[in-house]
Amino acid sequence: MSRHSPLPAGAQAGIADRLPRWMVPNLSGLHVAALFIALMLIGLLLVPVAQVMIVAFQDPATGAATLQNFMDFFNTALFRESFWNSFYVSAMSVVVATAIALPLAYITTRFHFSGSILIQSLGFIPLIMPPFVGAVAMQLIFGRNGTVNLLMRETFGFDIPFMEGLNGVILVQSIHYFPFILINLSASLRNIDRSMEEAAQNLGSHGLRLFRRVVFPLAMPGYIAGAALVFIKVFDDLGTPLLLNVNNMLAPQAFLRISSIGISDPMGYVISVILVAFSILSLWASFLFMRGKDYATVQKGGGGMAKRMLKPTEKVLAYGAVVFILLLVLSPHIGLLLLSFGTIWSFAPLPDGYTVQNYITMWEGSKTFIVNTVLYAGIAATLDVIIGTAIAYIVLRTGIFGRKGLDYLATAALAVPGVVLGIGYLRTFHSVNIPFTDAPMASWWVIIALALMIRRLPYALRACTAALQQVSLALEEAAESLGATKRRTIQKIVIPLMTGGILAGFVTSFATAAVELSATIMLVSSNNDAPLAYGIYLFMQTPSGRGAGAALGIVAVLVVAVGTIASQFIIERDKKLKSSGDAQ
């Protein structure tokens, strides 16, 4: 019986029946799910970040609102230096990453180039290695007494400070993140309207002028998207500067202030606010740069730049450039592999000998790290796909008020650096005890899993949304017309058809959560609760532990590589199954 339908004779109206409908809404299961997810995201994302913001603008003595903390920040030489260093490293990483990505993207899309698919694939490999994992290996190859400088000193009598101070951070970050520019720039170059290039050539524009005035400006949307991602990722990164012992940058300073002085120190929160602000400002600046410009094309059919054959001299130069770039970008992987099998590698171009003892040591000392990683990443990925599927359905299939807000809120985690989220969790949960115990919740391993879940939720959400967009609404309507309830339709029709996207989202979330360091390093209270990324960090702190740390790093690379390949395989298989089903 409806709450507002006429009551039987003699029945008394309850309080709910007397109130207006808007005060006591009739909530469906989807409404309840949307409300629960919203409260969870507010509690695990907005509240911790808000705590960071509040403390940053709060007088530590009186609790009153103040800007004095920010004045103290900019009046301190170390913090000013850290701010400019972070900006400089991020900007230079974009420049170096562009110098790596641009030739690969242009050569493989502009010319008939044998092995272009293989070259593009090899160019994406750096993404499967977390930057902090390859930092130590890069030192052994490009450091002052590394392979390259030892050979240069012996041959030419001089060396180059590739890895000295900020240079090392720039080199490592550029090599790791340049695929973001490569992927987006290659896609833009393939979508350029060929007629525009031909019109420019008919007007006498060729070579570098054609590229500078026509080709590159038309590919600017892809380049800006990739460059903005590189800038944000480098600006927020914590693990690479720490492992390279470069502490005069913002993210390391935030970590050191909180870990050494304590959670009451306002400077850690001020730095966190600046990190979040710069992430948002970078995205806003990229939007402003593109606003008001038209990059649309009117191409029909194939499109893309007209490919041409390389002359013999050009072919030699092109292959030389590609081989050099690939050797450079694969050097962290080569160095890490050599280090994992090396006995002693010091003041020599290569290790003195090779052994599997590092893997034995790693396994004996890392079982807890590996088990914890499987547990945390498994919990995080499972929750991600459940929540991601629910949000995708609510956004695409319902008219619930505020449904878009769920999407924006879940995606907002991308703009929050891991170190900031970790600091927010410490501040939020340090005074809340674990149920039935006196231990603070901030030291509970469940908090690590929840932090990983929030950090990787946008990845799973995008995969689930893409999967649901490919499920025809007519199938659900047909099921409901035959008497199926909304819940049964979701269980029997929607979820099975989304399986490929859900699995891809799970694998992506699991693989990336398994190597997360920025958030977990703030939340690990003991080695017994530490995940794999923290274990690598611990091993790499001493020269004697670097071999075992490299072996554990190889495990991390394999986890991400297998996850990436599995995710791609699942997506491709799902596409083939759907295309074959449509053809029948």
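A short tour of the structure in this document, coming up. As the structure is a computational prediction, the values presented were derived from the model and not from experiment.

This brings us to the overall build of the protein. Tallying secondary structure elements over the protein gives 25 helices and zero strands in all. Relative to its full complement of 584 residues, the protein shows a buried share of 49%. A separation threshold of at least 6 residues defines the contact pool for the protein, and within that pool the share at least 24 residues apart is 75%. Per element, the accessible surface of the protein, about 27,900 Å² overall, is 66% carbon and sulfur.

Before going further, it helps to spend a moment on a nonpolar patch on the surface. On the surface, L35, L39, I42, L46 and V47 cluster together into a nonpolar patch covering about 410 Å² of accessible area. Using a relative accessible area of 31% as the deciding quantity, one classes V47 as partly exposed.

Right, let's get into the pattern of salt bridges. Tallied over the entire structure, the rule returns eight salt bridges. With a closest N to O distance of 2.8 Å, R153 and D159 form a salt bridge. For R153, a relative accessible area of 30% puts it in the partly exposed group. In this structure, R397 and E476 form a salt bridge, with 2.5 Å as the shortest nitrogen-oxygen distance. Taken as a pair, R397 in helix α16 (residues 357–397) and E476 in helix α20 (residues 473–481) lie far apart in primary sequence, 79 residues in all. Given the relative accessible area of 2%, E476 is considered buried. When salt bridges that share partners are traced, they join R455, R456 and E516 into one network.

Here the focus is helix α15 (residues 312–341). The terminal C-alpha atoms of α15 lie 41 Å apart, and with 30 residues this matches the ideal 44 Å at 1.5 Å per residue to within 8%. At L330, α15 shows its largest kink, close to 50 degrees, and the proline P332 lies no more than four residues downstream.

Turning our attention to the environment of Y376. Residue position: Y376 is located in helix α16. With a relative accessible area of 1%, Y376 lands in the buried category. Considered as a pair, Y376 and A513 are 137 residues apart in the sequence and their alpha carbons are 8.2 Å apart. Discounting residues that sit within four places of it in the chain, Y376 has contacts with W445, I448, A449, L452, D529 and P531.

Another point: empty space enclosed by the protein. In this approach the atoms are scanned with a rolling probe the size of a water molecule, which exposes any empty space left behind. Per the stated rule, a full pass over the model turns up one cavity of 30 Å³ or more. Taken as a whole, the largest cavity spans an internal volume of roughly 70 Å³. Lining of the largest cavity is provided by P126, M129, P130, P131, G134, V172, I175, H176, V329, P332 and H333. Of all elements in the fold, only α6 (131–142), α8 (166–190) and α15 reach the threshold of two or more residues within the lining of the largest cavity. For the lining of the largest cavity, the residue count by class is eight nonpolar, three polar and no charged.

A few words on helix α24 (residues 532–539). Where burial is concerned, most of α24 is hidden: seven out of the eight residues are buried. Where α24 is concerned, the buried positions are L532, A533, Y534, G535, I536, Y537 and F539.

Below, the discussion takes up the side chain of T465. Within the fold, T465 resides in helix α19 (residues 445–469). For T465, a relative accessible area of 12% puts it in the buried group. With residues up to four places along the chain from it excluded, the contact list for T465 reads A392 and L396.

The calculated volume of the second largest pocket comes to roughly 530 Å³. The set of elements that each furnish at least two residues to the lining of the second largest pocket consists of α6 and α25 (546–583). Classifying every residue of the lining of the second largest pocket gives eight nonpolar, 10 polar and three charged.

Our next topic: the environment of F569. Within the fold, F569 resides in helix α25. Taking the C-alpha atoms as reference points, F569 and A504, separated by 65 residues in sequence, lie 8.6 Å from one another.

Procedures and definitions
- Residues numbered from 1 in each chain as written.
- Predicted model: local features only at pLDDT ≥ 70, side-chain atom pairs only at ≥ 80, totals over all residues.
- Heavy atoms only, no water.
- Helix = DSSP H or I, 4+ residues; strand = E, 2+ residues; numbered from the N terminus.
- Buried < 20%, exposed > 50% of the residue type's maximum accessible area, 1.4 Å probe, protein only.
- Contact = heavy atoms within 4.5 Å.
- Areas by Shrake-Rupley, 256 points an atom, 1.4 Å probe, with all protein chains shown as cover.
- Patch = residues over 30% accessible without salt bridge, like charges linked within 9 Å, V, L, I, M, F, W, Y side chains within 5 Å.
- Salt bridge = Lys/Arg side-chain N within 4 Å of Asp/Glu carboxyl O.
- Expected span 1.5 Å × (residues − 1).
- Bend = angle between axes of the 7 residues up to and from the residue.
- 1 Å grid on protein atoms, 1.4 Å probe; cavity = no way out; pocket = protein on both sides within 12 Å on 5 of 7 lines; lining within 4 Å.
- Points joined across faces, edges and corners; volume = space filled by probe spheres on them.
- Nonpolar A, V, L, I, M, F, W, Y, C, P; charged D, E, K, R; others polar.

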